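This is what each chain is made of:
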Amino acid sequence: MTNHWTDLKHSDCVFLIGSNAAENHPISFKWILRARDKGATIIHMDPRFTRTSARADIHAYLRSGSDIAVFGGLISYILENKLFFKEYVVNYTNAALVVNKDYKFTDGLFSGFDDTSKKYDKKSWTFDLDENGVPVRDTTLKNPRCVINLLRQHYSRYTLDKVSQITGTPKEDLLKVYKAYAATGKPDKSGTMLYAMGQTQHTVGVQNIRAMSMIQLLLGNVGVAGGGINALRGESNVQGSTDHALLFHILPAYNPVPRASHDSLAVYNEKNTPKSADPKSVNWWQNRPKYMASLLKAMFPAPEPAVSFNYLPKLDEGQNASWLKLFDEMGKGKFKGFFAWGMNPACSGANSNKTRSAMTSLDWMVNVNIFENETGSFWKGPGMDPAKVKTEVFFLPCAVSIEKEGSVSNSGRLMQWRYAGPKPLGETKPDGDIIAELAIKVKALYAREGGKFAEPILASDPEGWTTNHVYDPHKVAKIINGYFLKDVKIGDTEYKAGTLVPSFAMLQADGSTSSGNWIYCGSYTEKGNMTARRDKTQTPMQAAIDLYPNWAWAWPVNRRIIYNRASVDPQGKPYAPQKAVIAWDAEKKAWVGDVVDGGGGPGEKHPFIMTSEGFGRLFGPGLVDGPFPEYYEPLECPVGKHPFSKQLHNPTALQFKEEYKAVCDPKFPFVCSTYRVTEHWQTGHMTRHSSWLLEAEPQMFCEMSPELAKLRGIQNGEKVILESARGSLWAMAIVTPRLKPFKVMGTTVHQVGIPWHFGWQFPENGAGGDAANLLTPSVGDPNTGIPETKAFMVNVRKA
Amino acid sequence: MPKTFFIDTTRCTACRGCQVACKEWKNLPAVPTKQTGTHQNPPDLTHFNLKLVRFSEHVEKNGKVSWYFFPDQCRHCLEAPCKQASSVEGAIIQDEATGAVIYTEKTAQEDFEIIRGACPYDIPRQNPETKRIVKCDMCSDRLKEGLLPMCVKSCAMGAMNFGERAEMLDLARKRLAEVKKAKPKAQLLNPDDVAVIYLVEDDPKKYHEFAVAQGPAQLTRKEMLAGAFAPFRRMVQAMQG
């Protein structure tokens, strides 16, 4: 999130799209309902009418996968009706920048598309620079190649008629949503957009998020209280996991993973450190060399960073090692072993049959979990003959979250320390203990026996994570924060070697500091464990927006609302004084309120410090599939064309050519989506074992409209079979008017929905059902690889 | 002095936190359930389910869908008909301090049909093994320690509220006035007769058959016994014609 949970209370309009927050982030509704008490409007757009819709002021249906049409229509509505916050847009976004004359968009494709590789060459997606290398800005917005004019042109196709035609949303409902939300474009009003997997799990997932960000920038809703672009993370600590880079393409703190061609730290830094000639652009990633050097010293304490850089694993050029690719490679026998650690891929990964089959190629699997599960037990699952499976599975039972001490980083970037509750049962261990023991043993083996490329293992320091040979979360938290490795004087202050670095502003590129994760620098300092603080004191200004700056600690540098420099005018005066985030105190010559974004007084720096230009990106050249979000159908879809271009699908989507995808296939005529309920969590692995939760939601179900039920002769409560091109499963039918057929491109399109909380392993008699992912396709977003599990095609029939 | 619940269904998200928290606190076992085409599970109150979230969906005249949630529980009536119908000394008592209506182990000696029939809200259930009649006890054990009832503690939305009667009535009236602005049919259910006051935004019948008491909440003992072989509800309906 750019904002945080309690901040929701201060919104004038809460727009939930791609989120079913009342069900899946129930505590969010504590704050959203308090916003409603203060007069806020709650909007919910969803393919279904859910428990969130029941609490919304405005509900509108849309067919799964058609979100960009809605967003394009809203952008067009905002521009045409001049509802954008002009001063904000001109000063703080890249609306006024002039785009390369070679940039073009024609009939669904951007300039630079190569039909063979199915990739874009982005060389035309750039800005014109002046003689000093600074992007040209036309603040009159008259230049036809100004971003805002290209934006207007791009979304002029997204008329109400066309949007309604493809989404199935009635025009009057679209207008209701657009009118209510666009009203937050006033300087003193703010709207928040809340999203989750409903936006991300698509082959246009990242572009969905881009579209929402653009809407928020046009309305001046980024950096303000009650605004922002807010991902509701699906696990209590998944924010932490992405921050610490449990993803193939990044190192901790969002540094790109090195590629084979980066044969030295210097080359890596050269290729990955953006430059800016604009003195008003902070261009924060110019500091990357400091963060890389510090990360390397944290991981490998002894060698110089230039040496240990080559200890990092590197990807081949253009290599995609994301989840879908990983399991595809596994199925081809490319992996000997697999750690399935605190996850249940046999149920959670798209295309369960492919995933489960892939695991049979492994020599060994280590399954760290709290219960036996569909993954560790894959070899005895449905359709498996254990006698034919060679995989040796080691099951390591581990402690549950409340039995462990450590931190959890939530959606609002808030890192909160937790003490351990009950002692782990029997011989179960916390994950940290298991990792440390394993790493120490592996290192000892390499020391004794040698091995291929032993240097990185031998240079690592897992002993440093322990106290008395047991994993010590405080030690690791401090390593993550970082240390001065040499005595140094910065400004007027002397810092001693071995002391904790107070802020990432002090990290160095010369190997004299360490930090396991620069965005967490400042979380554990000589003042103590900032994340363990539970202090509710705040100034009246902070209290007015429920900032609670002394409660735990948020990255970066305890800033609670990021991009907050955009919440004030160029003189430092808040646009919304009643809910000010920062303000310039002219007497003190300092900012008050939240921690200001980037140094300098009012108007001295552009607010979007993480982009090299310093402006919020309406034109966004950073993604692989286009600088403007563009409408494409999901890769499995019910229509052969759409109104916006001839390009039916995202041409760069991640897919496996040999795998069939259902497009207007009468065998699979209905759109299916997958989702969650409050009562279960993720693959249901933990919650199916909780009898009170299973009592409330005992079995796999399929929600469908009465119209579809009639078509197939299905009664409420009877067993049905769902089939896709990849697999099939049974479910109990919930026939409900909360699902409606859609009118799409002149035809009736039915949609059904299923939860993904069930698995064959428990209840042991199979009464719960099996994984929704038996149906889902191995297709994904080209930027992240996230599977398109929110929109695919199925058949439904009586069992 | 008496405690009162104010349950604002316009804030309820049917998360089932209250339903599960009650069982967890009292260590009540799960009952076997099946997916029968609804999210309401178990389908009804049981001897192991003292708090149940009820779901009901409707299609309005304009085609719009509404989905109402009713977190059902014993009303702890100020003058409880079940207590009036009791024939076993000490089986059904009312806590003087809190007003909680409590079923003791002596309810095993009661005629279950009479007790159940006396309740306009159809709350009492019987444990088939012990024969005890059971229902919500206002978490009296928690109240003694200065804690909130478990369902109230678990609710993050502000749907479940609990406190002194005057305070809760005040809150209920304020919320009613606020909700009525957009929902003119909003009403409080039997606020003068019960210690568990629900706010609904529509006809109570659209929430649950027994959301609101139809007839008078109290009858004389003679009138009760006159209908001894017929459930109270049917008697009241007959009286009302």
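Caption draft 1: Summary view of the packing of helix α11 (residues 265-272) of chain A against helix α12 (residues 288-299) of chain A. Residues and elements named next belong to chain A. Packing of α11 against α12 brings their axes to within 10 Å, and their N-to-C directions diverge by 140°. Judged by the angle between their axes, α11 and α12 are oblique. Considering the relative orientation of α11 and α12, their crossing is right-handed. For the pair formed by α11 and α12, the contact residues are Leu-265, Tyr-268, Asn-269 and Asn-272 on the first element and Arg-288, Pro-289, Met-292 and Leu-296 on the second. Along the lines of polarity and charge, the residues of the contact of α11 with α12 split into five nonpolar, two polar and one charged.

Caption draft 2: Just the interface of chain B and chain A, in detail. In this assembly, 39 residues from chain B lie in contact with 38 residues from chain A. Both sides together, the interface formed by chain B and chain A hides about 3100 Å², and carbon and sulfur atoms give 55% of it. At the junction of chain B with chain A, the criterion picks out eight salt bridges. Between Glu-679 of chain A and Arg-16 of chain B there is a salt bridge, with its nearest N and O atoms 2.7 Å apart.

Caption draft 3: Focus on the pairing of strand β3 (residues 65-72) of chain B. All names here are of chain B. With eight of its eight residues buried, β3 lies for the most part within the structure. Burial along β3 is two-sided: the residues Val-65, Trp-67, Phe-69 and Pro-71 and Ser-66, Tyr-68, Phe-70 and Asp-72 are all buried. Here strand β2 (residues 52-59) pairs with β3 via eight bridges, running antiparallel. The residue bridging Arg-54 from the neighbouring strand is Phe-70, located in β3.

Caption draft 4: Representation of the sheet that holds strand β12 (residues 337-341) of chain A within the structure. Residue and element names in this part refer to chain A. The three strands are arranged β12-β13-β14 in an open sheet whose pairing can be described as parallel. Strands with a single pairing partner mark the edges of an open sheet, and in this sheet they are β12 and β14 (392-397). For this sheet, the mean inter-axis angle between neighbouring strands, taken without regard to orientation, is 15°. Taken together, the six bridges between strand β13 (residues 364-369) and β14 define a ladder with parallel strand orientation. Looking across to β14, one finds that Met-365 is bridged to Val-393.

Definitions and limits used
Residues numbered from 1 in each chain as written. Chains lettered and ligands numbered in written order. Predicted model: local features only at pLDDT ≥ 70, side-chain atom pairs only at ≥ 80, totals over all residues. Heavy atoms only, no water. Axes fitted to C-alpha atoms, helices over the stretch in contact; angles between N-to-C directions. Helix = DSSP H or I, 4+ residues; strand = E, 2+ residues; numbered from the N terminus. Parallel < 35°, antiparallel > 145°, perpendicular 65-115°, else oblique. Left-handed = near helix turned anticlockwise from the far one by under 90°. Contact = heavy atoms within 4.5 Å. Nonpolar A, V, L, I, M, F, W, Y, C, P; charged D, E, K, R; others polar. Buried area = accessible area lost by both parts, 1.4 Å probe. Salt bridge = Lys/Arg side-chain N within 4 Å of Asp/Glu carboxyl O. Buried < 20%, exposed > 50% of the residue type's maximum accessible area, 1.4 Å probe, protein only. Pairing = 2+ DSSP bridges.

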